Structure formats: C-alpha cells, structure tokens
Amino acid sequence: MKFYTFGLQRTCTNFSQALIQENFNFKWENINRQDNPLWKHNKNAKDAMAHVEKRNMFIFCYKEPHMWVDSIMRKHVDFFNRHGGAKKSEDEKIDICIDVFNEFYLNWMEEMPVLHYEIFHQRKMCDFGYVKRKLNNIAKVHGMRRQEWKLPNHVGQTSGFQDRKQNYLEGNPLSLSQEKKSYIISKIDKRIIDFFENQR
C-alpha cells in the first residue's frame, strides 16, 4: 500500500508521515521538492491529483487557522520568502497567511471526496488517544487488526515543541493577541472551519 501526506507547513506533515511508516508497511509517495506536483505542501490540488494513484491512502494535515498563523509568524523566513512577505508588516503578513490558508484548504476540499483519506488535526495529535483512534480507522479500512500502536522515535519537530504542547491542546496561540486571533478566524472561509473542525 502507498500513501500520500498533504498539508501546509507546520501542520504535522513530518510527524504524520513518520507515524504511518512506524505502524504500517506503507510506502510514502510524496516528492520532497517544491517544484514537484507531489510536494506535500502543494496548494495546487488539481495538479497534484493528476500525478497520484487515487486508490491509495491520503493523509491531510490540518491546524486551526489562528494556531497555524501563530506558528508561521514565530518561524516564518522560508514561508514569507516564498509568498513575498519577507519585508511586510506584521498585519500584512497575517493577511498573507490567511490568503494561503483559504486557498490551500478550499483547493483540496474540492478533490477530497473522490479519495480514501484521513484528516490529522494537528492540535489533537498531541493526544495519544486521538492518534490511536486514527490508526485504528486506517487499520479497519485496510482489513488489519488493531495492535499496540507506537509513536515514531524521532521526528523533525521544531525546538521547544514539548513546552508548547499544552498550548496546542488548549488551542491557545503563544504570540497572538485575542484581537488578532478573532480577526484571523473571522477571515477564514466558513466552509473550511465547518469541514475540518467537524472531523473526528
């Protein structure tokens, strides 16, 4: 079995890949190059879908918009270099993040109904009970028995992740004011919130 992972930067794509490979004999099929349609952060869903085998499994990584913007703002050099915001003000950078978030998830929502997929909600992935439920779902779909699931030994998490883990679980951004958090949420397309936040 092959699998693909897609998600924005800082949404647990590395962890999700490692988690599946730790627990299943599945082959990861993404290409880790920005100019390739199968790059895991590719926002052009139609382009990516023209190069995949649709009968395989897809993992979509999601992070609540205000939490995602917060993480990009804290470690953002490569992201804003790519999206033209390196010299912008903080408010302008937030607007760039909002546009990228809306475009990425709306594009992929159009393609997802024809796929077998699991959505990994980054905040909930901090809870091993949630992780086990997701792995049980995957095992059931592929006719496999439940087992003692394992976390990968090493994933390229950014420094200080353990210190931030409680904030993730509680949905509290570290650096954004309540006013900015509310602004971000108000600018996200409601269809995205309805679709991803209602996933178990």
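Structure's up top.
Participant: Go over the sheet that holds strand β1 (residues 2-7), please, and point to the residues and values.
Facilitator: Reading across from one edge, β2-β1-β3-β4 is the order of the four strands in this open sheet, with parallel pairing throughout. Only two strands of the sheet have a single partner each, and these edge strands are β2 (27-28) and β4 (116-121). Alignment of β1 against strand β3 (residues 57-62), held across five bridges, turns out to be parallel. Residue Thr-5 lies in a different strand from β3, and its bridge partner there is Ile-59. Each of β3 and β4 touches helix α9 (residues 190-197); the most contacted strand, β4, lies at about 95 degrees to it.

Participant: Could you give me a rundown of the pairing of β1, with the residues and numbers involved?
Facilitator: Across the six residues of β1, five count as buried, placing the element largely inside the fold. By the bridge criterion, two bridges tie β1 to β2 in an arrangement that is parallel. Its bridge partner being in β2, Lys-2 is matched across the sheet by Lys-27. Where the polypeptide runs from β1 across helix α1 (residues 13-23) and back to β2, its parallel neighbour, the crossover connection is right-handed.

Participant: Tell me about the packing of helix α3 (residues 65-74) against helix α8 (residues 178-187), and please be specific about residues and values.
Facilitator: It is the contact of α3 with α8, at a shortest axis distance of 9 Å, that shows an interaxial angle of 120 degrees. Taken together, the axes of α3 and α8 are oblique relative to one another. Between α3 and α8 the crossing geometry is right-handed. Here α3 contributes Pro-65, His-66 and Val-69 to the contact with α8, which in turn contributes Lys-181, Ile-184 and Ile-185. The residue inventory of the contact of α3 with α8, partitioned by class, reads four nonpolar, one polar and one charged.

What counts, and where the lines are drawn
- Residues numbered from 1 in each chain as written.
- Predicted model: local features only at pLDDT ≥ 70, side-chain atom pairs only at ≥ 80, totals over all residues.
- Heavy atoms only, no water.
- Pairing = 2+ DSSP bridges.
- Helix = DSSP H or I, 4+ residues; strand = E, 2+ residues; numbered from the N terminus.
- Contact = heavy atoms within 4.5 Å.
- Axes fitted to C-alpha atoms, helices over the stretch in contact; angles between N-to-C directions.
- Buried < 20%, exposed > 50% of the residue type's maximum accessible area, 1.4 Å probe, protein only.
- Right-handed = clockwise from strand over helix to strand, strands pointing away.
- Parallel < 35°, antiparallel > 145°, perpendicular 65-115°, else oblique.
- Left-handed = near helix turned anticlockwise from the far one by under 90°.
- Nonpolar A, V, L, I, M, F, W, Y, C, P; charged D, E, K, R; others polar.

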